[in-house]
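Here is what each chain is made of, one letter per residue.
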Amino acid sequence: MQRHFLSEKDSKKLISEIKNKYGIDIEGKIEIGKEKKQVYYFVNGLLSFFSEELIPTLCFIRKYNLQLPSVTVDEGAVKHIINGADLFVPGIVEYNCNCKEGDIVLVKTKTNIPIAIIKVLMDKEKALNEKKGKFGINLHYLNDKIWEMCNERGSSSNV
């Protein structure tokens, strides 16, 4: 993957976008990498965001304790989600969000371990009423390609 540092102007713009979207201040050198029509953002060498939508990686969430809207899933759903499966309503045991279609939401285990990032397909109210159907598309999960990129070269060995 080709990577390069953003200019100071572009870095400030990106940092401002991240603050507006997630309410956190980040500092440091920001690199951008592109591969196969996907864009990746590295903060101080750590793969921190992917996609033009600035979706945080699980590495970044864990390192900076980023608080995102989330859902908690039962143990039966965990193994499927960390193998890349999308999230279905019956696997959800708790909603820590007012999730609406299009939202980016963290998926956690009952022991509060972040395991995936999903894009919501169904409003929380509909999910609660219907109790069935696909709730979200799995965008990033433990041990996927993005996770492996986070952990390359020991960049996040303290995560």
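Residues numbered from 1 in each chain as written. Predicted model: local features only at pLDDT ≥ 70, side-chain atom pairs only at ≥ 80, totals over all residues. Heavy atoms only, no water.

**Describing helix H1 (residues 8-22)**
Item 1. Under the 1.5 Å per step criterion, the end-to-end length of H1 is 21 Å for 15 residues, consistent within 8% with the ideal 21 Å.
Item 2. All of the buried residues along H1 are Ser 11, Leu 14, Ile 18 and Tyr 22. For H1, the buried positions fall inside an angular range of 65 degrees around the axis, keeping them on one side. Turned more than 90 degrees off the buried face of H1, the exposed positions are Lys 9, Lys 12, Lys 13 and Asn 20.
Item 3. Taken together, the buried residues of H1 touch strand E2 (30-35), strand E3 (38-43), strand E4 (46-50) and strand E5 (55-56).
Item 4. Just downstream of H1, Gly 23 is the residue with a positive phi angle, here 70 degrees. (Helix = DSSP H or I, 4+ residues; strand = E, 2+ residues; numbered from the N terminus. Expected span 1.5 Å × (residues − 1). Buried < 20%, exposed > 50% of the residue type's maximum accessible area, 1.4 Å probe, protein only. Arc of directions from axis to C-beta. Contact = heavy atoms within 4.5 Å.)

**Thoughts on the UniProt feature "domain: PUA" (unreviewed entry) in the chain**
Item 1. Cross-referencing UniProt, the feature "domain: PUA" (unreviewed entry) maps to residues 69-143 in the present numbering.
Item 2. With 19% helix and 41% strand, the stretch residues 69-143 has end C-alpha atoms that lie 22 Å from each other. (UniProt positions renumbered as here; feature names shortened; annotations may be inferred.)

**Section: the domain arrangement of the chain**
Item 1. Assigned domains of the chain: these are domain 1 (3-66) and domain 2 (70-141).
Item 2. Spacing between the C-alpha centres of domain 1 and domain 2 amounts to 24 Å.
Item 3. Counting residues at the interface gives eight residues for domain 1, matched by eleven residues for domain 2.
Item 4. Interface area, domain 1 with domain 2, both sides summed: about 760 Å², of which 73% is carbon and sulfur.
Item 5. Here Glu 53 makes a salt bridge to Lys 119, at a shortest N to O gap of 3.1 Å.
Item 6. Run the count over domain 1 and domain 2 and you get two residue pairs in polar contact (both at pLDDT 80 or more).
Item 7. Of all the secondary structure elements, the ones that give two or more residues to the side of domain 1 that touches domain 2 are E5 and helix H2 (58-64).
Item 8. When residues of the side of domain 1 that touches domain 2 are assigned to their parent elements, the largest contribution, three residues, is made by H2.
Item 9. Of the residues contributing to the side of domain 1 that touches domain 2, the split by class is five nonpolar, one polar and two charged. (Domains from an automatic or database assignment. Buried area = accessible area lost by both parts, 1.4 Å probe. Salt bridge = Lys/Arg side-chain N within 4 Å of Asp/Glu carboxyl O. Polar contact = N/O pair within 3.5 Å; in protein donor to acceptor, adjacent residues only side chain to side chain. Nonpolar A, V, L, I, M, F, W, Y, C, P; charged D, E, K, R; others polar.)

**Let's talk about the layout of surface pockets**
If a probe the size of a water molecule is rolled over the atoms, the empty space left behind becomes visible.
Item 1. The volume enclosed by the largest pocket comes to roughly 170 Å³.
Item 2. In terms of lining, the largest pocket is formed by Ile 61, Arg 62, Asn 65, Leu 66, Gln 67, Leu 68, Ser 70, Leu 106, Lys 108, Asn 112 and Pro 114.
Item 3. Elements represented by at least two residues in the lining of the largest pocket include exactly H2 and strand E9 (104-108).
Item 4. When its residues are assigned to classes, the lining of the largest pocket shows five nonpolar, four polar and two charged.
Item 5. Inspection of the lining of the largest pocket shows a minimum of three residues originating in each of domain 1 (3-66) and domain 2 (70-141). (1 Å grid on protein atoms, 1.4 Å probe; cavity = no way out; pocket = protein on both sides within 12 Å on 5 of 7 lines; lining within 4 Å. Points joined across faces, edges and corners; volume = space filled by probe spheres on them.)

**Thoughts on the side chain of Lys 108**
Item 1. Its place among the elements puts Lys 108 in strand E9.
Item 2. This buried residue, Lys 108, is left without a salt bridge; Glu 94 holds the nearest opposite charge, at 7.8 Å.
Item 3. With residues up to four places along the chain from it excluded, the contact list for Lys 108 reads Ser 70, Val 71, Thr 72, Val 73, Ile 113 and Pro 114. (Lys, Arg positive; Asp, Glu negative; His and termini not counted.)

**Focus on the sheet that holds strand E10 (residues 114-120)**
Item 1. Ordered in space as E7-E11-E10-E9-E6-E8, the six strands form an open sheet in which the pairing is mixed. The open sheet has two edge strands with one neighbour each: strand E7 (87-88) and strand E8 (92-96). (Pairing = 2+ DSSP bridges.)

**Quick look at the nonpolar core**
Item 1. With 53 residues, the main nonpolar core has Val 71, Leu 87, Val 107 and Phe 135 as its most contacted residues.
Item 2. Mapping this core onto the domain boundaries places at least three of its residues in each of domain 1 (3-66) and domain 2 (70-141).
Item 3. With sequence-adjacent residues up to four places away left out, Val 71 is seen in contact with Leu 87, Ile 92, Glu 94, Tyr 95, Cys 97, Cys 99, Val 105, Leu 106, Val 107, Lys 108 and Phe 135. (Core = buried A, V, L, I, M, F, W, Y, C linked by side-chain atoms within 4.5 Å.)

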